[in-house]
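Spelled out from the first residue to the last, the chains are:
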Amino acid sequence: AMMLLSLWLALAVPNTPTTALAAKPRPWSVFGGFTSHELSAPGLHLGAAYDVEATQHFRSLVSASVQGYREPSTELGLALQLRWGQRYTASFGLTLESFLGVGVQYTRWTTTAFVFRDGMGHAQEDARSGVSFAPHVSLGPGYDFAPLLGLPIQLYARPGLQLAYPDFNGLLKLSLTAELGLRWTM
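Residues numbered from 1 in each chain as written. Predicted model: local features only at pLDDT ≥ 70, side-chain atom pairs only at ≥ 80, totals over all residues. Heavy atoms only, no water.

*Asks:* Sorry if this is basic, but what is going on with the environment of T185 here?
*Replies:* You can see T185 is positioned in strand β9 (residues 173-185). As for T185 and A48, which are separated by 137 residues in sequence, their C-alpha atoms are 9.7 Å apart. Contacts of T185, omitting those with residues within four sequence positions, involve R26, W28, S29 and P152. (Helix = DSSP H or I, 4+ residues; strand = E, 2+ residues; numbered from the N terminus. Contact = heavy atoms within 4.5 Å.)

*Asks:* How should the environment of S29 be read in this particular structure?
*Replies:* Among the structural elements, S29 can be located in strand β1 (residues 28-37). By relative accessible area, S29 is classed as buried at 4%. It is 5.7 Å that separates the C-alpha atoms of S29 and A48, two residues lying 19 residues apart in sequence. If we skip the residues at most four places from it in the chain, S29 touches G47, A48, A49, R183, W184, T185 and M186. (Buried < 20%, exposed > 50% of the residue type's maximum accessible area, 1.4 Å probe, protein only.)

*Asks:* Looking at this structure, I do not really get the packing of aromatic side chains. What am I missing?
*Replies:* The final tally for this structure, using the stated rule, is 4 aromatic pairs. Positioned above the aromatic ring of Y156, the side-chain terminus of R158 is 4.0 Å from the ring centre. (Phe/Tyr/Trp six-rings, centres within 6.5 Å; stacked < 30°, edge-to-face > 60°. Lys NZ or Arg CZ within 6 Å of the ring centre and 35° of its normal.)

What follows is the structure, given as structure tokens:
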């Protein structure tokens, strides 16, 4: 759906470079903010993006980021993510972004196991860790303060889906993710 919207907007909006971009290129940005894994485990993300192509309303960009989350007493995850995406920015600052990405995630799971000795059950913590291949997709709105206020700041909210293989039990795991953050364009 996002690709169809992008195609429609590309045909409907003239493909001319912005005066600000032509006068002073700003291809790099850094971003960071809060992350939620499975919509319950809080975390943080930090990264950088590079604009590959830019027109008045569209930007095609690549980004790299580090993301971490922790669900107390259950799971800890750290991921390195590479993404390619598009951002549409309306003349009043509203943005819509879509990203396709791949990642590598290190996960540490903590579980409680019961060991029986002499007919008595004793709780014992068990920890396992593993590395997963993690493709993901995200799509979300934001607001760019540059068109109206001239500030190189953008707020964004991106819900997404992530697959992880292998997971704790060796199978695929589909996770809902959410990112809320701030981008600073250099």
